[in-house]
Amino acid sequence: MSLQKDSSSNTNSNIPAILLVGKSGAGKSTLGNLLLGRNEFVVSDSAESSPQVCQTALIKINNKTFNIVDTPGIFDTGKTNQEILKETAQAILQCTYGIQAIIFVMEATRFTKEQKDTINQIIKFLGQDSLNHMIVVFSKCRKAPTKDPDLLFNSLVQEQKDFLNSIDNRFTVSPDLDIFEEPDDPIVERHVKNLKNYIVDIPDFYTTASFEKVRIARERELQEIEQWELKTEEQFQAIAREGFHDDSELRQWKETRENTKKKFKQLRAKAGSDAAVNMELGEACFAADSKVTLQNGKVTNISELVIGDYVCCGFENGKKIFSEVFLFIHADHDTVTEFQLIDFMKQDGSQGTLCVTPEHHIFVNGGGTDFAKNVIPNKTQLFISNGEKLVPVTSARISKERRKGYYSPLTRSGNILVDEVLCSCYASAPPYQALFNFVFAPLKIYTKIFPSNYLDKEIHPYVKFLSRGRRIVEFLDDLNISRSI
């Protein structure tokens, strides 16, 4: 994809850009001409005849000069990921000074799967940071919603409204000039003014570094998915070598293996979109002064734990059982964090309190896990120690408190008794205890040979990998292969 040079300037590399994106035929070039106040860009009659090169022109808004870059249909859904990535990279790299605004032109028609896919493609290839610079402009609107954008907004489906909310509701309309054809039409002028105000009000630039970060994350995730796929296939082959009890098991193995291959294909297609999502599997933990019990019977603060310590994780036949701490997902003694305090009444009548972040998983009700934030006072049951076994008690009160320090130890059993309450070691992602024990299995084996000394406020690299690839956990759950692998 080449770049047509603006006739009024030999270079635009030192000028912030305004990037027009959207599918072919959406009305990007028409909007560009509307902003410029002149017919600078070639406007096509159909998507098939749309320009296949970037068109550029300079514009002044509030005495600031910008370079409008009208892209071809980079995010057309018929293109392969590689084509989109290449064309996006070439367009972004033309804007080396930085991008002031990314204007996404969307037809104001019924919300189609193609429009939804286009939104996903933009976020996937430009990353979460692009939302801070994005403005949506609806094209091909009827007369009434053009005059009153509230009518347009109310006609949108919830997915469109959610997307607009993610960009702080920066949206306007590109009036149809066949309807509003009078010179200096006040409706047209109002929408153009709104758009220009949105542009100059964005405080900083989307940079090539931001795009490069997303691109590298995507490539890294593709490599990690490939490695994970190889490991999973090895596990399937190991099961096959052990043999099957009957034809039914063999059919289940074949079906599960085939479905897994399909899921990995989907993962590769979606790779990189998690770079647009800011959610970590380990972004939850316990307060520094939360109490745990060591194998020697000593009760200590969780902040005093070290790799290799054995902590109480439950009971068996009336005796405490202990599990080795083999990793800290993350830890920091100084950062102030908001915790959820869950009060409960012990069997001796005294009060106990679990201090945990809301996204952490704890064992509740029938023995499954759920987020701490979902605990309901006087309804949700926790499992606490009475010295000989775990007994169910009902939570009494929920409150919040900011405390200094957080720690997130990981035991080989995947669970831990904290403040006398049975808790999972996992957090943030969907609370599937057995599946998380499975996906952490390679790390458990690795640390048996090479013990970890990781203790940092940043999420452990392996957990970051799981965060980027957490769809793996989701599709394992879909496939229900925890028995097989």
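About the thresholds
- Residues numbered from 1 in each chain as written.
- Predicted model: local features only at pLDDT ≥ 70, side-chain atom pairs only at ≥ 80, totals over all residues.
- Heavy atoms only, no water.
- Phe/Tyr/Trp six-rings, centres within 6.5 Å; stacked < 30°, edge-to-face > 60°.
- Helix = DSSP H or I, 4+ residues; strand = E, 2+ residues; numbered from the N terminus.
- Buried < 20%, exposed > 50% of the residue type's maximum accessible area, 1.4 Å probe, protein only.
- Lys NZ or Arg CZ within 6 Å of the ring centre and 35° of its normal.
- Lys, Arg positive; Asp, Glu negative; His and termini not counted.
- Salt bridge = Lys/Arg side-chain N within 4 Å of Asp/Glu carboxyl O.
- Contact = heavy atoms within 4.5 Å.
- Pairing = 2+ DSSP bridges.
- Axes fitted to C-alpha atoms, helices over the stretch in contact; angles between N-to-C directions.
- Polar contact = N/O pair within 3.5 Å; in protein donor to acceptor, adjacent residues only side chain to side chain.
- Patch = residues over 30% accessible without salt bridge, like charges linked within 9 Å, V, L, I, M, F, W, Y side chains within 5 Å.
- Areas by Shrake-Rupley, 256 points an atom, 1.4 Å probe, with all protein chains shown as cover.
- Right-handed = clockwise from strand over helix to strand, strands pointing away.
- Expected span 1.5 Å × (residues − 1).
- Core = buried A, V, L, I, M, F, W, Y, C linked by side-chain atoms within 4.5 Å.
- Parallel < 35°, antiparallel > 145°, perpendicular 65-115°, else oblique.
- Nonpolar A, V, L, I, M, F, W, Y, C, P; charged D, E, K, R; others polar.

Participant: Before we move on, could you go through the packing of aromatic side chains and cite the residues and values that matter?
Facilitator: In this structure the tally under the stated criterion is six aromatic pairs. On the numbers, 6.4 Å between centres and 75° between planes, the contact of Phe328 with Tyr407 is edge-to-face. Of this pair, Phe328 sits in strand S11 (residues 319-345) while Tyr407 sits in strand S16 (residues 390-411); the two residues are 79 residues apart in sequence, bridging distant segments of the chain. One exposure class covers both Phe328 and Tyr407, and it is buried. An aromatic cluster of at least three residues, connected via ring pairs, comprises Phe138, Phe153 and Phe171. The ring of Phe371 carries Lys373 above its face, with NZ or CZ at 5.2 Å from the centroid.

Participant: Lay out the side chain of Lys28 in plain terms, naming residues and giving numbers.
Facilitator: Examined against the element boundaries, Lys28 turns out to sit in helix H1 (residues 28-36). Here Lys28 is buried and forms no salt bridge, its nearest opposite-charge partner Asp70 lying at an N-O distance of 5.2 Å. Residue contacts for Lys28: discarding those within four places in its chain leaves Leu20, Val21, Gly22, Lys23, Asp70, Thr71, Pro72, Gly73 and Val105.

Participant: So, the sheet that holds strand S6 (residues 171-173): which residues are in play, and what are the values?
Facilitator: Sheet strands pair via backbone hydrogen bonds, and the direction of the pair is either parallel or antiparallel. In space, the six strands of this open sheet follow the order S2-S3-S1-S4-S5-S6, with mixed pairing throughout. With partners counted over all chains shown, the strands left at the sheet margins are strand S2 (55-61) and S6, one partner each. The average angle at which neighbouring strand axes cross in this sheet is 25°, direction not considered. Bridge count between strand S1 (residues 17-21) and strand S3 (residues 64-70): four bridges; the pairing is parallel. Across the sheet, the residue bridging to Ile18 is Ile68, located in S3. In this fold helix H6 (residues 158-166) packs onto strand S4 (99-107), strand S5 (134-139) and S6, with an angle of close to 140° to the strand it touches most, S5. Contacts from helix H7 (residues 186-201) reach S1, S2, S3, S4, S5 and S6 within the one sheet, and its direction differs from that of S6 by about 155°.

Participant: Describe in detail the side chain of Asp343, supporting the description with residues and values.
Facilitator: Residue position: Asp343 is located in strand S11. A distance of 2.8 Å separates the side chain of Asp343 from the side chain of Thr353, its partner in a polar contact. The residues contacting Asp343, other than those within four sequence positions of it, are Gln351, Gly352, Thr353, Ser395, Ala396 and Arg397.

Participant: Please set out a nonpolar patch on the surface residue by residue, giving values where relevant.
Facilitator: Nonpolar side chains collect at one region of the surface, where Ile445, Tyr446, Ile449 and Phe450 lie side by side and expose about 460 Å² of accessible area between them. Within the fold, Ile445 resides in helix H11 (residues 441-449).

Participant: Please provide a residue-by-residue account of the pairing of S4, values included.
Facilitator: In terms of residue burial, S4 counts as a mostly covered element, since nine of its nine residues are buried. Bridge analysis of S4 against S5 gives six bridges, and the strand direction is parallel. What sits directly across from Ile102, in S5, is Met134. With respect to chirality, the unit in which S4 leads through helix H3 (residues 113-126) into the neighbouring parallel S5 is right-handed.

Participant: Go over H3 with me, naming the residues and quoting the values.
Facilitator: Here H3 is 14 residues long and its end C-alpha atoms lie 20 Å apart, about the 20 Å a rise of 1.5 Å per residue gives. Taken residue by residue, H3 has Gln115, Thr118, Ile119, Gln121, Ile122, Ile123, Lys124, Phe125 and Leu126 as its buried positions. The first or second residue beyond H3 is Gly127, which carries a positive phi of 90°.

Participant: Can you break down the nonpolar core residue by residue, with the values?
Facilitator: Ile362, Leu382 and Phe440 are the most contacted members of the largest nonpolar core, which has 44 residues in total. Counting residues per element, this core draws most heavily on S11, at eight residues. Non-local contacts of Ile362, meaning those with residues more than four positions away in its chain, are made with Ile342, Leu354, Gly368, Thr369, Asp370, Ala372, Val375, Leu382, Leu422, Cys423 and Ser424. Membership of the second largest hydrophobic core comes to 28 residues, among which are Cys54, Phe104, Leu131 and Val173.

Participant: Quick one: what's the story with the pairing of S11, residue by residue and with numbers?
Facilitator: The side chains of a regular strand alternate, residue by residue, between the two faces of the sheet. Pairing of strand S10 (residues 310-316) with S11 involves six bridges; the strand directions are antiparallel. Looking at S11, one finds that Phe315 is bridged to Lys320. Counting the residues in the hairpin turn of S10 and S11 gives two residues, including Asn317, whose phi is positive at 55°. Where S11 and S16 come together, 14 bridges link them in antiparallel fashion.

Participant: Quick rundown of unusual backbone geometry? Include the residues and the values.
Facilitator: Of note, the phi angle at Asp168 is positive, near 60°, even though the residue is not glycine. Residue classification places Asp168 among the exposed positions, given a relative accessible area of 59%. Here the phi dihedral of Asp419 falls at roughly 55°; this positive angle occurs in a residue that is not glycine. Along the chain, Asp419 falls in the loop between strand S17 (415-418) and strand S18 (421-427).

Participant: Just give me the short version of the packing of H1 against H7, but keep the residues and values in it.
Facilitator: Relative orientation and spacing of two packed helices are given, respectively, by the angle between their axes and the distance between those axes. At a minimum axis separation of 10 Å, H1 and H7 run at an interaxial angle of 90°. Classified by the angle between their axes, H1 and H7 sit roughly perpendicular to one another. Mapping the contact onto sequence places Leu31, Leu34 and Leu35 in H1 and Val188, Val192, Leu195, Lys196 and Ile199 in H7. Its residues placed into classes, the contact of H1 with H7 shows seven nonpolar, no polar and one charged.

Participant: Account for the pattern of salt bridges, with residues named and values stated.
Facilitator: According to the stated counting rule, one finds 12 salt bridges in the structure shown. Between Asp343 and Arg397 there is a salt bridge; the shortest N-O distance is 3.1 Å. One end of the pair, Asp343, is in strand S11; the other, Arg397, is in strand S16, with 54 residues separating them in the sequence. You can call Asp343 buried: its relative accessible area is 4%.

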